[in-house]
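Understanding the architecture of this molecule
Each chain is listed here by its residues.
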Amino acid sequence: MERVESHAVSGGVQEVWSHASSTLGCTMRFGVFVPGGEPPAGGFPVLYWLSGLTCTEQNFITKAAAQRYAAEHGVVIVAPDTSPRGDDVADDAGWDLGKGAGFYVDATQAPWSAHYRMYTYVRDELPALVEASFPVSAARSVSGHSMGGHGALVLALRNPGMYRSVSAFSPIVAPTEVPWGHKAFGAYLGSDRSAWEAYDACVLVGRASHRLPVLVDQGTADGFLEEQLQTHRFVEAAAAAGFPAEVRMQDGYDHSYYFVSTFVGEHVAFHAAALRG
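The following refers to the structure shown. (Residues numbered from 1 in each chain as written. Predicted model: local features only at pLDDT ≥ 70, side-chain atom pairs only at ≥ 80, totals over all residues. Heavy atoms only, no water.)

Here we look at the side chain of Asp96
The residue Asp96 is located in the loop between strand S5 (76-80) and helix H3 (118-133) in this model. Among the polar contacts listed, one links the side chain of Asp96 to the side chain of Lys183, at a separation of 2.7 Å. (Helix = DSSP H or I, 4+ residues; strand = E, 2+ residues; numbered from the N terminus. Polar contact = N/O pair within 3.5 Å; in protein donor to acceptor, adjacent residues only side chain to side chain.)

Some points on the pairing of strand S4 (residues 44-50)
By the criterion of burial, S4 is predominantly enclosed, with seven of the seven residues buried. By the bridge criterion, six bridges tie S4 to strand S6 (residues 136-145) in an arrangement that is parallel. Across the sheet, residue Tyr48 finds its bridge partner in S6, namely Val142. Alignment of S4 against S5, held across three bridges, turns out to be parallel. Looking at the pairing, Tyr48 lines up with Val78 of S5. (Buried < 20%, exposed > 50% of the residue type's maximum accessible area, 1.4 Å probe, protein only. Pairing = 2+ DSSP bridges.)

Considerations on the packing of aromatic side chains
Per the counting criterion, the structure on display carries 17 aromatic pairs. Ring plane angle 65° and centroid distance 6.3 Å describe the contact between Phe185 and Tyr199, whose orientation is recorded as edge-to-face. Of the two residues, Phe185 sits in helix H5 (residues 179-189) while Tyr199 sits in the loop between helix H6 (193-196) and helix H7 (201-207), which places them 14 residues apart along the sequence. When sorted by exposure, Phe185 lands in the same class as Tyr199, which is buried. An aromatic cluster of at least three residues, connected via ring pairs, comprises Trp49, Phe60, Phe169, Tyr253, Phe259 and Phe263. Against the face of Tyr119 rests Arg158, its NZ or CZ located 4.3 Å from the ring centre. Over the face of the ring belonging to Tyr199 we find Arg158, whose NZ or CZ atom lies 4.9 Å from the ring centre. (Phe/Tyr/Trp six-rings, centres within 6.5 Å; stacked < 30°, edge-to-face > 60°. Lys NZ or Arg CZ within 6 Å of the ring centre and 35° of its normal.)

A short note on the pairing of strand S2 (residues 12-21)
S2 sits mainly inside the fold: eight of its 10 residues count as buried. Of the strand pairs in this sheet, strand S1 (residues 2-9) and S2 are connected by seven bridges, and their pairing is antiparallel. By the bridge assignment, Glu5 is partnered in S2 with Val16. Once S1 ends, the chain turns through two residues before running back antiparallel as S2, passing Ser10 with a positive phi of about 50°. As paired strands, S2 and strand S3 (residues 26-34) are joined by nine bridges and run antiparallel to one another. Looking at S3, one finds that Trp17 is bridged to Phe30. Connecting the antiparallel pair S2 and S3 is a turn made up of four residues, with Gly25 showing a positive phi of about 70°.

Examining empty space enclosed by the protein
Under the defined criterion, the tally for this structure stands at one cavity of 30 Å³ or more. The volume enclosed by the largest cavity comes to roughly 40 Å³. The wall of the largest cavity is formed by Gln14, Gly31, Val32, Phe33, Phe60, Ile61, Ala66, Gln67, Ile77, Val78 and Ala79. Going through the elements one at a time, S3, helix H1 (58-63) and S5 are the ones with two or more residues in the lining of the largest cavity. Along the lines of polarity and charge, the residues of the lining of the largest cavity split into eight nonpolar, three polar and no charged. (1 Å grid on protein atoms, 1.4 Å probe; cavity = no way out; pocket = protein on both sides within 12 Å on 5 of 7 lines; lining within 4 Å. Points joined across faces, edges and corners; volume = space filled by probe spheres on them. Nonpolar A, V, L, I, M, F, W, Y, C, P; charged D, E, K, R; others polar.)

As for helix H4 (residues 147-158)
A rise of 1.5 Å per residue sets the reference length of H4, with its 12 residues, at 16 Å; its end C-alpha atoms lie 16 Å apart and thus fit the reference within 8%. With 11 of 12 residues buried, H4 lies mostly within the body of the structure. Residues of H4 that are buried: Met147, Gly148, Gly149, His150, Gly151, Ala152, Leu153, Val154, Leu155, Ala156 and Leu157. (Expected span 1.5 Å × (residues − 1).)

Comments concerning the environment of Glu57
On the secondary structure map, Glu57 appears in the loop between S4 and H1. Assessed through its relative accessible area of 3%, Glu57 is described here as buried. As a C-alpha pair, Glu57 and Thr82 span 25 residues in sequence and 7.3 Å in three-dimensional space. Within the structure, the side chain of Glu57 is placed 3.1 Å from the side chain of Gln58, a separation counted as a polar contact.

A word on unusual backbone geometry
Keep in mind that most residues, glycine aside, have a negative phi and that most peptide bonds are trans. Here the amide bond leading from Ala110 into Pro111 is cis, since omega sits at 0°, within 30 degrees of zero. Topologically, Pro111 is positioned in the loop between S5 and H3. Phi is positive for Ser146, close to 60°, though the residue is something other than glycine. By the element assignment, Ser146 lies in the loop between S6 and H4.

The values reported here are purely geometric and, on their own, carry no functional implication.
This is the structure we're talking about:
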């Protein structure tokens, strides 16, 4: 690995690292905040943050102001990039497909399948690298925003016991039913819609055998709510499955990091309680 940035913040250190990813076949970057002081026995627990469309590792670490809360609760936060990068990585002219829009799936269709395996990268390669390189334990939680909220919910629901808790801001909860998902899944996964269901939180919550704490915040003034996010579908699916998810509609908030930064402290506290347990 190579350290790209290092900044003192909230008594700890915010760094950005790059590494050669064997899963993605390219060089990847991720941000990591480590609280100050001696780590607890066994190391700090880790909260993985997944960002949304068009983002890199920079958006969350520079806009969310989450470091102060992570320092307070003794939690490491790891924020990877949202897609593979590089001159030989397939891309699209649109902002909602290709670089910056990996959708946290393992692509099966050419040309995307050569590099776009963000699901396996976030689930397997990145945690192994973090746990080998930083003073952390194997206790993990996951959160994210928009496309990243979709990724967080899918990872938690598909991998029982891997994460202690999951939360999301403005998640794409039903990608098989909305335009963003149709475009991305059609390209990455092909025309067989049954393959799409493996990455749809509304489908997965109905099949889940494992219960873990779930917190979702959605702004009522979010311009993407009706067409792309459709939070009501997740509320209905979780209720039908008897899955105890907490979904909060936050009056007047939009899709931006103004929204994320307002409630991120509550999300870090939510995860810290689960990680301590």
